[in-house]
Amino acid sequence: MQQCPFCKGENNLVGGPCPRCGRRLTEKLDMRYEGTIRRSQQYNRTLIDKVWRFFSSVRNGMYILLLTLLATAVGTILPQRAYIPIGRLPGEFYAAEYGVFGRWYHYLGLDQLYSSWWYMTLLGLLGASILIASIDRFFPLRRALRMQPVKRREHFLRSQLYVRHSVIDDRERLMKNLRARRYRIRQDGDDYLAEKNRFARWGPYVNHVGLLLVLLGAFLRLFPFFYQDEFIWIRDGETVVVPDTNQSLFIKNEQFIVDTYDTDDPKFKAAIEQEGRMIPKNFTTDITVFEAEDHIAGDTPDLKPLKQMQVAVNHPVHAAGFTIYQSGYQLHEFSSLTLRTENQDGSTADFRVDTENPQAMYELDNGLHAELIDYYPDYRLEEGKVITETKYPRNPAFVFDIEGNDDHKERLFVAIDDVVSETGTNRYSIRAVDYDTHHVSGLSVKRDLTLPIFLLGGVIFMIGLMQGLYWQHRRIWLRRQADGSYLIAGHTNKHASSFEREVERLLDGYKKGGSS
Amino acid sequence: MENLSIISGHLLEAAFISYLVGVILFTWSAAKKRQRYLERFAFGITAAGWLAQLGFFTLRWIYSGHAPVSNLFEFMTFFGMMLILVLLIMYRFYRFPLIAVTALVISILIIGCAAMFPREVAPLVPSLQSHWLYIHVTTAALGEAVLSVSFFVGFLYILHETNQEKQHKTARVIEGFLVLILSVAGYVLLAFLFRMFGYTANVTGAEASIIYQLPPFFVPSDTVSSPFPIQIMVPDWLRGENAAQKFNTMILSLLAGCVLYMLIRIFTRKRIGAALQPLVRKLPKNALDDIGYRSVAVGFPIFTLGALIFAMIWAQQAWDRFWGWDPKEVWALVTWLFYAAYLHIRMQKGWQGIRSAWLAVIGFCIIMFNLLAVNLLIVGLHAYA
Ligand code: HEM
């Protein structure tokens, strides 16, 4: 029994291929850098050498890659914090929905895994690994590819993947056939070297550069100069300033339109019924973008219309260096509620409360004063307590202190369909009698200078991938032997079997006398 | 117009039946010595089935007004179609009937599962109304189909290499894998049968009631009444959306898979892996290894382009961010990282052959996980339907 040098298994290697890994014992030359040494194999003294050596190893790189893969997958076990229902507290949500496991998931920070320091570190290590491994191999590869003598030692040729002897009388014809298969031919005395697709060897380096660009883009996003992300809700007809633009950019919602699919459309009827709700077809906002001129803080700015346009889902628009996306909407928010108060003698008075800017005090015609104590734009009862789910007036509720002229005060909670007296007395009454609503359009306003970097990285990555994976570097050496016949040796950096087929076909074609 | 929809449905059925016939013919020709006409016939039937499916796809597109890749039914049938396309192209280079059998079986199971999801033509929500929908989905599916080939040949390679007398552990893993595949078949059969007889069971719970399409052995822990005599409450921690129902389906499918497995074993009277081995042994293992690597080398760029780059361009337009860590996106990234690792690991000495084959099996499991489990188990933006 003998040990196979490749798979290290105990094998009976008498001549033939190893039954476990299929290789032959007769050692083939490692042609990756044609035997030249890399930096990482040369030095191992200083700390830098050691770090360099660590990151240049593909094996270590793959450990980092697989760790990243595992971490990435772990983040999908439970929803990330960004996707939990609005208004739920993470600490409470994970424990309530997923029990002990959820509590730990949240406690360990796995609910924000992708922005955690250790995930970022993993990506950084991956980048370092790609960079260093590539540099480490770049120079030996360049040297190997540049210095390619046509004449090679017999031993070198004999330890190639493909080796054959042949008598070749009409060399010109063979060369013509090789050229027809896009080989480039160099000659030195009686020896030849036919080579093609050398550029394929650079594929991995090109694609790694693309990857590094993508990682760079991700890093630059941490800086506001490169990446700014704002979100605004605008009511129909309203003008809103875009935050963090130094009060210089304003957007007006001229009109917001929602279209839903026709529930009677025979085509979609069944699917809409199954969905059980209206399915939106399109939502679009007509907007005007304004720029503030000579704006002094505190003043109402002079607005100069810049552009008028229409923004819809999948059709973002560009203005003032920003891209504007239609990204949400809210139908039938309450703009105001009309409340009716009733005095103890039955005289009534109505007043309107604006949901955006409710007044602190309302003096009413029937002699009552209503003082606003509390306002919940989007109220919900939670464990007997009133809370507001969002700051948008989707379900407004107010707490008023109502007072007549006789110092009797009543505290009342008023919502659209509900009134509760908190003081327990019922001398005065109040209820909602009317309301106005509006639609709100949610626009996301972004400036992202990293996008071109990502795109460039992606393009370079794809070019490198195809370069390295769809082409192969192939070489055929012809060395004249003492008896006048030729030793033919061939090498390809991958897909040996189809290379062998190509050479066989070339040689057979030559023997048959035609051009292949 | 209504007719288009009906014709398109029949074309899919025709395609499905052709693939079934194709499997039988290819298996037959794999079992016999080379018989050109039989192979050609098998190829022809499969190709005809593919054309029928193309017809289904085209008519459905015309009828609905958008590329039919927008829900789970449509996407899975499309993926099956891409698998067959890749098989047909590959068969022109490598005429190994067994590879065709493996690919066909998997496609048939995928299309079979697809048919169990809602099949109505659904209108597109605004974010899906984009040319990128079909550019992204079709390239991603094509990439995944090409990558899957490495699993087909990898699995055959493992069958080929496993010493059924000595390597008991590996042999058992193979049988386990076959049981899983048979469970998918079991699911399709069960769902098809119960649907044919119009079976439904209404399980009433404290808060909501659920309609089961299969007999409800496993019911939610708050069940009040069930029309079925046996009721096993699922443990309390299983509480995702319809968790009990999904669990019920899973267990029944596994049971059906085991029954199918037993039936086959009674018939073959040895491990299925051992019964298949003589067929697989005829294949040159180096060619299998080679095809496996090649399919990753060809599929990886296509997958990158479709599932990551096109997806990101579209997400930027539709959702104003090209990446949002949505589970479906994340699993595309996991798939991508895995196949990147495959390419590097294969460069190391001693990682070709059997180890690569195992990696290819894992890769396919990840693809399937992303296709099905992410939609069914994890909720996200993509959760089709
Ligand atoms: C997501 C990450 C990565 C991707 C997508 C990627 C992609 C690729 C691809 C496609 C190849 C060509 C493989 C082939 O021809 O079969 C390659 C080669 C290579 N990669 Fe990576 N890579 C990644 C990370 C890394 C890391 C972390 C290292 C560090 C150790 C590394 C080191 C190498 C080396 C040394 C080569 C061979 C270069 C040559 O043939 O001259 N890669 N890479």
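Calculation rules
- Residues numbered from 1 in each chain as written.
- Chains lettered and ligands numbered in written order.
- Predicted model: local features only at pLDDT ≥ 70, side-chain atom pairs only at ≥ 80, totals over all residues.
- Heavy atoms only, no water.
- UniProt positions renumbered as here; feature names shortened; annotations may be inferred.
- Helix = DSSP H or I, 4+ residues; strand = E, 2+ residues; numbered from the N terminus.
- Rg over C-alpha atoms; globule rule 2.2 N^0.38 Å.
- Contact = heavy atoms within 4.5 Å.
- Areas by Shrake-Rupley, 256 points an atom, 1.4 Å probe, with all protein chains shown as cover.
- Buried < 20%, exposed > 50% of the residue type's maximum accessible area, 1.4 Å probe, protein only.
- Lys, Arg positive; Asp, Glu negative; His and termini not counted.
- Charge placed at Lys NZ, Arg CZ, Asp CG, Glu CD.
- Near = heavy atom within 4 Å.
- Polar contact = N/O pair within 3.5 Å; in protein donor to acceptor, adjacent residues only side chain to side chain.
- Salt bridge = Lys/Arg side-chain N within 4 Å of Asp/Glu carboxyl O.
- Axes fitted to C-alpha atoms, helices over the stretch in contact; angles between N-to-C directions.
- Parallel < 35°, antiparallel > 145°, perpendicular 65-115°, else oblique.
- Left-handed = near helix turned anticlockwise from the far one by under 90°.
- Phe/Tyr/Trp six-rings, centres within 6.5 Å; stacked < 30°, edge-to-face > 60°.
- Lys NZ or Arg CZ within 6 Å of the ring centre and 35° of its normal.
- Donors = N, O, S within 2.8 Å, 3.2 Å for Na, K, Ca; no water.
- Tetrahedral: all angles 85-135°; square planar, octahedral: opposite > 155°, others 65-115°.
- Buried area = accessible area lost by both parts, 1.4 Å probe.
- Pairing = 2+ DSSP bridges.
- Core = buried A, V, L, I, M, F, W, Y, C linked by side-chain atoms within 4.5 Å.

The name an unreviewed UniProt entry assigns to chain B is Cytochrome c-type biogenesis protein CcsB, from the organism Terribacillus halophilus. Word for word, the UniProt comment on chain B under Subcellular location (unreviewed entry) is "Membrane".

Labelled according to an unreviewed UniProt entry, chain A appears under the name Cytochrome c biogenesis protein, originating from Terribacillus halophilus. Under Subcellular location (unreviewed entry), UniProt gives the following word-for-word description of chain A: "Membrane".

Of regular secondary structure, chain A possesses eleven helices and 23 strands. In terms of overall dimensions, chain A is more spread out than a globule: its C-alpha atoms have a radius of gyration of 38 Å, far above the 24 Å expected for 516 residues. Principal-axis analysis of the C-alpha atoms gives chain A an extent of 130 × 55 × 55 Å. Excluding contacts between residues fewer than 6 apart, the proportion of contacts in chain A whose partners are at least 24 apart in sequence is 59%. In the structure as shown, chain A presents an accessible area of about 27700 Å², 54% of it carried by carbon and sulfur atoms.

A count of helices and strands for chain B gives eleven helices and five strands. Whereas a compact globule of 385 residues would reach a radius of gyration of roughly 21 Å, chain B reaches 21 Å, a difference of no more than 12%. Its C-alpha atoms give chain B principal-axis dimensions of about 60 × 50 × 45 Å. Residue burial in chain B is summarised as follows: out of 385 residues, 59% are buried. Of all intrachain contacts in chain B linking residues separated by at least 6 positions in sequence, the fraction that spans at least 24 positions is 73%. Summed over all atoms, the accessible surface of chain B reaches about 16600 Å², with 70% contributed by carbon and sulfur. Taking the average place of the 28 positive charges on the side chains of chain B and the average place of its 18 negative ones, the gap between the two points comes to 18 Å.

Close contacts around the ligand come from 28 residues, with Arg32(A), Tyr205(A), His208(A), Lys494(A) and His344(B) the closest. Mapping the residues near the ligand onto chains gives chains A and B. Contact between the ligand and His208(A): a nitrogen atom at 2.7 Å from a side-chain N or O atom of the residue. Between a nitrogen atom of the ligand and a side-chain N or O atom of His344(B), the distance comes to 2.6 Å. Elements represented by at least two residues in the shell around the ligand include exactly helix 3 (58–74), helix 5 (117–146), helix 8 (203–220) and helix 10 (451–469) of chain A together with helix 10 (327–347) of chain B.

Before going further, it helps to spend a moment on the pattern of salt bridges. All names here are of chain A. One pass over the full model with this rule turns up 26 salt bridges over all chains. Between Arg480 and Asp190 there is a salt bridge, with the nearest N and O atoms lying 3.4 Å from each other. Of the two residues, Arg480 is situated in strand 22 (residues 474–480) and Asp190 in the loop between strand 4 (184–188) and strand 5 (191–196); the sequence distance between them amounts to 290 residues. Exposure remark for Arg480: the relative accessible area of 34% places this residue in the partly exposed category. Among the ionic pairs, Lys252 bridges to Glu254, the shortest N-O distance being 3.7 Å. Through salt bridges with shared partners, one network takes in Arg181, Lys196, Arg474 and Glu502.

Further remarks concern the packing of helix 6 (residues 168–196) of chain B against helix 7 (residues 243–268) of chain B. Residue and element names in this part refer to chain B. At a minimum axis distance of 7 Å, the contact between helix 6 and helix 7 shows a crossing angle of 115°. Relative to helix 7, the element helix 6 is oriented roughly perpendicular. The handedness of the crossing between helix 6 and helix 7 comes out as right-handed. Contacts between helix 6 and helix 7 pair Glu175, Val179, Leu180, Leu182, Ser183, Ala185, Gly186, Tyr187, Leu189 and Leu190 from the former with Thr249, Leu252, Ser253, Leu254, Ala256, Gly257, Cys258, Leu260, Tyr261, Ile264 and Arg265 from the latter.

As a further point, take the packing of aromatic side chains. Residue and element names in this part refer to chain A. Applying the stated rule across the entire model yields 51 aromatic pairs over all chains. Seen from their ring centres, Phe351 and Phe400 are 5.7 Å apart, and the 80° between their planes marks the pair as edge-to-face. Placement of Phe351 in strand 13 (residues 348–354) and of Phe400 in strand 18 (residues 397–403) is noted, with a sequence separation of 49 residues between them. Across this residue pair, the class does not change: Phe351 and Phe400 are buried. Every member of this aromatic cluster is reached through a ring pair, and the members are Phe351, Tyr362, Tyr375, Phe398 and Phe400. Directly above the aromatic system of Phe156 lies the positively charged group of Arg152, at a separation of 4.1 Å from the ring centroid.

Attention shifts here to the UniProt feature "domain: Cytochrome c assembly protein" (unreviewed entry) in chain B. Within this numbering scheme, the UniProt entry marks residues 70–173 and 258–382 of chain B as carrying the feature "domain: Cytochrome c assembly protein" (unreviewed entry). As annotated, residues 70–173 of chain B comprises 72% helix and 0% strand, and the C-alpha atoms at either end are separated by 36 Å.

Surrounding the iron atom of the ligand are the protein donor atoms His208(A) (NE2) and His344(B) (NE2), which sit 1.9 to 2.1 Å from the metal. Bound by six donor atoms, the iron atom of the ligand shows angles of 84 to 177° at the metal and therefore octahedral coordination geometry. Of this pair, His208(A) sits in helix 8 while His344(B) is found in helix 10, placing the two residues in two different chains. Given a relative accessible area of 17%, His208(A) falls into the buried group.

This part is about the interface of chain B and chain A. At the interface, 60 residues of chain B touch 56 residues of chain A. Carbon and sulfur atoms make up 64% of the area that chain B and chain A hide from each other, which totals about 4900 Å². Our enumeration of links across chain B and chain A arrives at one salt bridge. Here Lys446(A) makes a salt bridge to Asp320(B), at a shortest N to O gap of 3.3 Å. On the surface where chain B and chain A come into contact, there are 17 residue pairs in polar contact (both at pLDDT 80 or more). Sorting the residues of the side of chain B that touches chain A by element identifies helix 2 (36–64), helix 9 (285–319) and helix 10 of chain B as the ones contributing at least two each.

With that settled, the discussion passes to the sheet that holds strand 7 (residues 239–241) of chain A. Residues and elements named next belong to chain A. Strand order in this open sheet of four strands is 7-8-9-10, and the pairing throughout is antiparallel. Every interior strand has two partners, whereas the edge strands, strand 7 and strand 10 (302–312), have only one. Strand-to-strand twist in this sheet, taken as the mean axis angle between neighbours without regard to direction, amounts to 30°. With three bridges connecting them, strand 7 and strand 8 (residues 249–260) associate as antiparallel partners. Note that in strand 8 the partner of Val240 across the bridge is Ile251.

Residue and element names in this part refer to chain A. Inspection of the secondary structure assignment puts Gly424 in the loop between strand 20 (418–421) and strand 21 (429–448). Overall, the relative accessible area of 59% leaves Gly424 in the exposed class. Considered as a pair, Gly424 and Arg411 are 13 residues apart in the sequence and their alpha carbons are 8.4 Å apart.

Bringing the nonpolar core into the picture now. Ranked by internal contacts, the top residues of the largest apolar core, which has 155 residues, are Phe79(B), Phe300(B) and Trp336(B). If one sorts the elements of this core by residue count, helix 5 (residues 131–161) of chain B sits on top with 16 residues. When sequence neighbours within four positions are dropped, the list of residues in contact with Trp336(B) reads Leu211(A), Phe461(A), Phe300(B), Phe303(B), Thr304(B) and Leu308(B). With 18 residues, the next largest nonpolar core counts Phe334(A), Ala349(A), Tyr362(A) and Ile430(A) among its residues.

Turning next to the sheet that holds strand 18 of chain A. All names here are of chain A. Spatially, 14-15-18-19-20 is the arrangement adopted by the five strands of the open sheet, whose pairing is antiparallel. Since the sheet does not close on itself, it has two edges, and those belong to strand 14 (361–363) and strand 20, each with one partner. Geometrically, the sheet is characterised by an average inter-axis angle of 25° between neighbouring strands, direction not taken into account. Inspection of the sheet shows strand 19 (residues 409–415) paired to strand 20 by four bridges, in the antiparallel sense. The residue bridging Phe413 from the neighbouring strand is Val420, located in strand 20.

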